[in-house]
Each structure stands twice: as C-alpha cells, then as structure tokens.
Amino acid sequence: MTGDVIYQLVTDRFYDGDTSNDNPSSAPNEYSADKSNWQLYWGGDFQGVTDKMSYLKDMGIGAIWISPPVQNISSPAVDSSGNASAGYHGYWGMDFYVPDPHFGSWQDFDTMVTAAHNNGIKIIMDWAINDTSPEDVNNSSYANDGALLKNGTKLASYSDDPSGYFHHNGGVTDYNDQYQVEYKNLFNLADLAQENSVTTEYLKDAVDTWLSHGVDGIRMDAVKHMPSGFLKSYADNIYSQRGVFLFGEWADTSSAALWQQEVKLANADGMSLENFDLNTSIRDVFASGASMAELDSTISRQQSSFDWSNQLVDFVDGQDVSRFLSINNSTSLLDQATVVNMTVPGIPSLYYGDEQYTHDDSTNSSDQVGGDPYNRDAMSSFSENTRNFKIVQALASLRKNNPALRYGSSTERWINNDVYVYERKFYNDVVLVAVNKGNSSYTLNNLNTSLPNGSYSDNLSGLLGGGTLTVGEGSNGTNPVSSYTLNGGQAAVWSYVEPSQTTPEIGNIGPTMGRSGDVVSVTGSNFGSGTGTVNVGGVTAVIDQWSPTEVDFTIPQGVKPGSENVVVTTTGSLASNSIAYNVLSAAQTATTFTVTGTSTSPGDELYLTGNVPELGSWNTDSAVAIGPMLCPNYPTWFTMASLPAGLPIQYKFFVKKANGTVQWEGGSNHTYTAPSSGTGAISVAWQD
C-alpha cells in the first residue's frame, strides 16, 4: 500500500448506481428520497462505486476504502423527539456475514471488487467489530436492541444475551481510563465481549467470509476500545488467510493519556494506524494558523516512535472530523494541506469530495460546524478539472515513480512560521517539497538539498505557483540551492530518481507480523528480474513471486520467534539492507490473565511477562511487557494477551513503581497452555 493513494468514501453518499436497492423491503423506512434527513440512507451503493471506477483510476487512486459493508440495523432508531436514524454509515452492524441490502448483493460486491482489480485498484473495507448498534437498557424495543445475527439467524440481543456476546458494564464516562474504553459501551453501542469464545469465533469466521471475496485491506474501527491481546490474535487469524493491509482507528494525539499504548499496538501487534496525530497538526497549521514548527515536530516524533512510520495512514479529512473547508473555507489552504498529506511519511488517504471542494457548514447537535453527519455529504460533482483533482493526480503518479515518497525518511531543510521545506530521501532517490501557507514572500536563502546538481521542474506543473529549482554542486551529498523565492500560497515538489543500480534496497515489508506459512511482501528497488533468495532470521524462505520492485515469500519453518531481520539477495549475490519483521511463535489465542490478592500503592502499575516473545521474553520495559494491567476491582488485576496456541508457556507478574523500579512476584513461574481455538483464561493468586 505504500505506493498507493487511498480514497475513503461513505458508500451511501458516493453514487447511486442501482435505484432498486434504495428502499429494500427487508429494511423499510430507512431511506430519505429527498435527502432531507441526514441520518437516513440516500441511495449510494456498490454499483455506484463500480460506475465511477474510471474517475478514481484517472485521479490515480490505488485503493478504495469503503464504509463498513455489513448488514446494519433493519429498522430505524427513533429518539424521544421522533427523529429517525439508520446505519447508512455502516457502523451499526447487525449481521457481519452478509452485505447491507441498501448497498447491494454479494454479486454486486464481487462485481465492484473485480472492476477495481481490473483497474489496478485495491479494495479496503471498514470493519467495525467493537460493537453492534445502539442499545437502551430501559427499552428493548429501541432500534434492533443491539441484535447480532449470522446469515440471517439471530444469535443474541443486548437484553437477551445468555451466551455472553456482549459486555453489560454501562457506558464510557472517562476516555482516559483504559478499562472503561475497552470494556464499557462506546456511545451506547452494544459492546462486543471479545474475551468470550463465542464472540471471537463469530468475528473470525465473519472476516474470513469477506476475505474470501477478494478484500485487499481492512480498516479496523475503534481499536482503542478493544484489548490489544484480542487485536493481535485477530490480526494473526487474518494474515493466516491473506496478507492484506491492516490498519486501525485510534483517534488520539501524542498528548493523550493512552498514547504509549497506541504506539505499542502499532509496533507489536501487527497493524498500522490512522494518523490522527499528524491530522491534528495539519489542520492546526493550515486551517487554524499554527506554526509550521508543529508539523515538523509531529513528523519527527512519529519517525522516532513508530517502527514502520511509512505505513501510517495520513489524512486531511475523514468521516470522524469536520471537513477542512468547514473550518477554513480556503481552497488554496486545502490544496496546500493536500500536497503535504501526499508527500510526508505515510500512506495518503483522501476523503471523497475533497477533490471537488465539497462541504456543508451546518452545525450539528454537538455545536460542531460541518461535523457528523454534515461531513458526510453527497458527492457534488465528478469533475476531473478541479485543481485539487489535478494535484492528487500529479502526486499519485510521483508516488509510483519515486521510491523516496514510499519509503524515505523526512528531514526539515528550511522553516519559519509560514514556510516548510522538507526532503524525503531513500538511498539516492530524493523529493524536495516547499510550502508557503502565508501571504508574504520568502527568499529561501541557505537552502541545501540532496538533489544532485541540475535544474528541476515542479512536479505540480505550476498548479500552486511552483517554478524551476536550480541546484549547485556541494559536498557530502548536501548541495546548495540557488536563490529561490516562494510566494504566499505557493507550493512546489521537485524530484530525482537514481538510475537503476545493482545493490538491492528494501523499503517496506507487509504485513509486519506473522508466522510460518504466512505470505509476506518486501518492496523496494533493484531486486533484479531473476529470482534470488530471501533470508528471514538466518533461514531461507520459499519465494512465491519475484519482480525488480517486489518479492513475495512464505515465512519458513524454524525461524526463531521475535523480531528478526529480512534480507533480499539478488542472483548476483548482492545483499540488501535488512528490515525488521515480528515472527510469532505459533497460531495465536487471546487469553485473559487475572491475578488476585495483590498489594500495591497508588501510582503502581502491574505488568505481565513470560518466556515467549508474545509476553515480552521476560522484559520489564513497559513498551514490551504486557500491560499495564487493569484494576476495576482492587486488589484483582487483569489483562488480555495474545499467546501461541498449544505451546506451554511460563509467566510472572511484576509491579512497576512510580519511580520506575521493579518488584517481581515471588515463588516459582506460573505455567499455562492456551487452547487452539476460541479464547483462553487463567486466574492465579499473587505470590509474595
């Protein structure tokens, strides 16, 4: 996905390709024919996405991110004022095994996937498995009572749940409390209990069904609200089926209380994340007038925090935030923000309609201008002549042609409050970006770059006023730029691609976690046309596919579990750089560990560690060990970890004091063997 541009759309609001499914008999009274009710369906469907495939291809889109495609509630939720709402957005799932009838049939879905693949476009589905639909503990007839179905057969509802599919712990009141966000209801949505085998097996079988229909990527909704132990085991199940791209929604920035848990999820549990941290900075800088220093600081922080920062999914707009133009109605600033979003580290995601400058500035019930649902407008046009469309088109092409945008690190080259000049570099491939969001002109004196000596035209073809850049000869790869004036509102992108070399260069690996038998891809440059070898932690892998820029291989038996290096060697015996990959011990099972009878002081944290990499290999670093554990009922603590199924493991708990010192549990190591299916659970008493 690092070479792709993602296009996020709300299926219902994109394009109505088949009017026969606008108001299906199986889900009546959920359609607003005149589009006056923003909380009901408006007619968009899978056929509509298929019909606009050439438009998306022309823009340079490499992946379409559709809203959750599963069947949502079949009768509207009506509030005390008589206002009706439906699951047009896809986040009120009811039956996760079938498409929503408003969007079309399985045949319509398959046709859309085939059309996308025929145009070189991938399909990412949004997957919302934290919860089902709205519940009302005082009124079981509200909407569908959080009902859960499987292929039309009802399994449970929130008020009738004998098998324990749901949590019944009330609603979240403190979003900084990890127990609450993981085990209570988010916005009164019926919260699924992933620690229960019946729930986990349902969710695993459901995603396998959609994977069998050709899905290429999965965006996991609300990962902050599910235990990381479940998410890791769930990712393992997915990767054992197909090596899709998996990324999650964790809507926090670096100032949030649970930021370190967010980073830990991305680095250790096999999935990337939507980049809300960067999104906040982009919007602060371009929409709200903050200094460019905030943006530079965020990019630096992410490159040092995330092991695979080039896989974070960057965005300016999305369905969770007011559109940029509702905050600041400047198309010039939106265009500049788009340039940055397309060229900083990460995979750029565009929100449908931004390329047409779509926005509705109505105020919602939370006093947000242009917030939900007004950020989910109908597409206003499919013009290919807007400036934003052309910017996306140009930079999507550049991402394909220059590895620096896919794999390169980012370095600040010139900065003040209004101007940001930064360089992306992957070996000798270089992209230099200059953006001036202010009204004043600045002469970029003393600007240096890794671009070789020569003249470079703007890859945006002057769409934002950029011109030719002249670079002189310097030393140590740092070359001086001839005096260049960047006027207010201008942006430019200059590029250099090194001619093909003989030494292979790995830029990315995906997935970043897996086990023996999983298929993994490495991408980069100079792999050659002949089939060479791939080495994983000292063991030679089986090659599935080889090209000069991508090698697919199967993780071999006998690789030591843990973080191991992957190296590509060409037929000419030239070895590449190495890239890290997390090898699992075996198939994973989510397991809840409970420890009773502890004695701790305020500010202490309890952690779990053990003799396998999944438990941190006895490491007491909080970035590696499992935890901090949760303690809603002192002195009992619990946490969920992902364990190798069927493999006897040893483990212990330890207390991390507020001053960083560690107090180990006494006695012998505990032992446990996780089951091969469902979920596991073990409870022990603290040993003094």
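Residues numbered from 1 in each chain as written. Predicted model: local features only at pLDDT ≥ 70, side-chain atom pairs only at ≥ 80, totals over all residues. Heavy atoms only, no water.

### Some details on the overall build of the protein
Threshold: Working definition: helices are DSSP H or I runs of at least four residues, strands are E runs of at least two. Numbering for both runs from the N terminus. Atoms counted for the radius of gyration: C-alpha only. Globule rule: 2.2 Å times residue count to the power 0.38. Here's how the labels work: a residue is buried when its accessible area is under 20% of the maximum for its type, exposed when over 50%, partly exposed in between, all with a 1.4 Å probe on protein chains only. All accessible-area figures derive from a Shrake-Rupley calculation using a 1.4 Å probe, and residue coverage is judged against the displayed protein chains alone.
Helix and strand counts for the protein come out as 14 helices and 43 strands. The C-alpha atoms of the protein give a radius of gyration of 26 Å, which matches the 26 Å a tight globule of 688 residues would have. With the C-alpha coordinates of the protein rotated into their principal frame, the extents come out at 70 × 65 × 50 Å. For the protein, the proportion of its 688 residues judged to be buried stands at 59%. Element-wise, carbon and sulfur atoms account for 43% of the exposed surface of the protein, whose accessible area totals about 23,900 Å².

### Side note on the sheet that holds strand β17 (residues 409-415)
Let me state the cut-off plainly: Here the rule is simple: two strands pair whenever DSSP picks up at least two bridges between them. In this analysis, axes come from line fits to C-alpha atoms, helices being fitted only over the stretch in contact, and the angle between any two N-to-C directions falls in the range 0 to 180 degrees. We call two residues in contact when some of their heavy atoms are within 4.5 Å.
The 4 strands are arranged β17-β18-β19-β26 in an open sheet whose pairing can be described as antiparallel. The open sheet has two edge strands with one neighbour each: β17 and β26 (491-496). Taken over all neighbouring pairs, the strand axes of this sheet differ in orientation by 15 degrees on average, direction set aside. For strand β18 (residues 419-426) and strand β19 (residues 429-436), the ladder comprises 8 bridges, and the chain directions are antiparallel. Of the residues in β19, the one forming a bridge with V421 is A434. Most of the contacts of helix α10 (residues 292-305) go to β17, to which it runs at about 160 degrees, and overall it touches β17, β18 and β19.

### Quick look at the packing of helix α9 (residues 276-286) against α10
Threshold: Roughly parallel here means an angle under 35 degrees, roughly antiparallel means over 145, roughly perpendicular means 65 to 115, and every remaining angle is called oblique. A clockwise turn of the near helix away from the far one marks a right-handed crossing, whereas an anticlockwise turn of less than a right angle marks a left-handed crossing. When residue character is reported, Ala, Val, Leu, Ile, Met, Phe, Trp, Tyr, Cys and Pro are called nonpolar, Asp, Glu, Lys and Arg charged, and the others, Gly included, polar.
The geometry of α9 relative to α10 is characterised by a closest axis approach of 8 Å and an angle of 165 degrees between their N-to-C directions. If you check the angle between α9 and α10, you find them roughly antiparallel. Two packed elements cross with a definite hand, and for α9 against α10 that hand is left-handed. Contact residues: D277, L278, T280, S281, I282, D284, V285 and F286 in α9; M292, E294, L295, T298, I299, R301 and Q302 in α10. Residues that form the contact of α9 with α10 fall into these classes: 7 nonpolar, 4 polar and 4 charged.

### Some words on the pattern of salt bridges
Cut-off, in case you're wondering: Criterion for a salt bridge: a side-chain nitrogen of Lys or Arg within 4 Å of a carboxyl oxygen of Asp or Glu.
One pass over the full model with this rule turns up 20 salt bridges. Here D126 makes a salt bridge to R219, at a shortest N to O gap of 3.0 Å. Residue D126 is located in strand β7 (residues 122-127), and its partner R219 is located in strand β12 (residues 217-220); the two are separated by 93 residues in the primary sequence. Across the pair, exposure class does not vary: D126 and R219 are buried alike.

### A word on the nonpolar core
Quick reminder of the rule: As used here, the term nonpolar core means buried Ala, Val, Leu, Ile, Met, Phe, Trp, Tyr and Cys residues forming a set that is joined through side-chain atoms within 4.5 Å.
One finds Y7, I64, W127, I218, F286 and L295 to be the most contacted residues of the largest nonpolar core, which totals 118 residues. Non-local contacts of I64, meaning those with residues more than four positions away in its chain, are made with Y7, L9, V49, M53, L56, I121, K122, I123 and I124.

### Regarding the packing of aromatic side chains
Quick reminder of the rule: Note on aromatic contacts: the rings of Phe and Tyr and the six-membered ring of Trp form a pair at centre separations within 6.5 Å, being stacked when their planes are under 30 degrees apart, edge-to-face when over 60 apart, and tilted otherwise.
Taken as a whole and judged by the stated rule, the model has 37 aromatic pairs. When the centroid spacing of 6.0 Å and the interplanar angle of 70 degrees are considered together, the rings of Y7 and F14 count as edge-to-face. The exposure class of Y7 is buried, given its relative accessible area of 0%. With relative accessibility at 3%, the residue F14 sits in the buried group. Considering the side-chain rings of F276 and F315, the 5.0 Å spacing of their centres and the 75 degrees angle between planes classify their relative orientation as edge-to-face. Residue F276 is located in helix α9, and its partner F315 is located in strand β15 (residues 313-315); the two are separated by 39 residues in the primary sequence.

### Remarks on the side chain of Q319
Stated formally: Contacts described as polar in this section are N or O atom pairs within 3.5 Å, which, within protein, must combine one atom able to donate a hydrogen with one able to accept it, while residues neighboring in sequence count only if both atoms come from side chains.
Along the chain, the position of Q319 falls in the loop between β15 and α11 (324-327). Within the local environment of Q319, its side chain forms a polar contact with the side chain of Y91, the two groups lying 2.9 Å apart. A polar side-chain atom of Q319 sits 3.1 Å from a polar atom in the side chain of D320. Contacts of Q319, omitting those with residues within four sequence positions, involve Q8, Y91, R219, Y351, N375 and R376.

### Quick word on the environment of S74
Note that S74 resides in the loop between β3 (70-72) and β4 (77-78). Through-space distance from the C-alpha of S74 to that of G44 is 17 Å; in sequence the pair is 30 residues apart. Discounting chain neighbours no more than four positions away, the residues touching S74 are S26, A27, P28, E30, M94 and N144.

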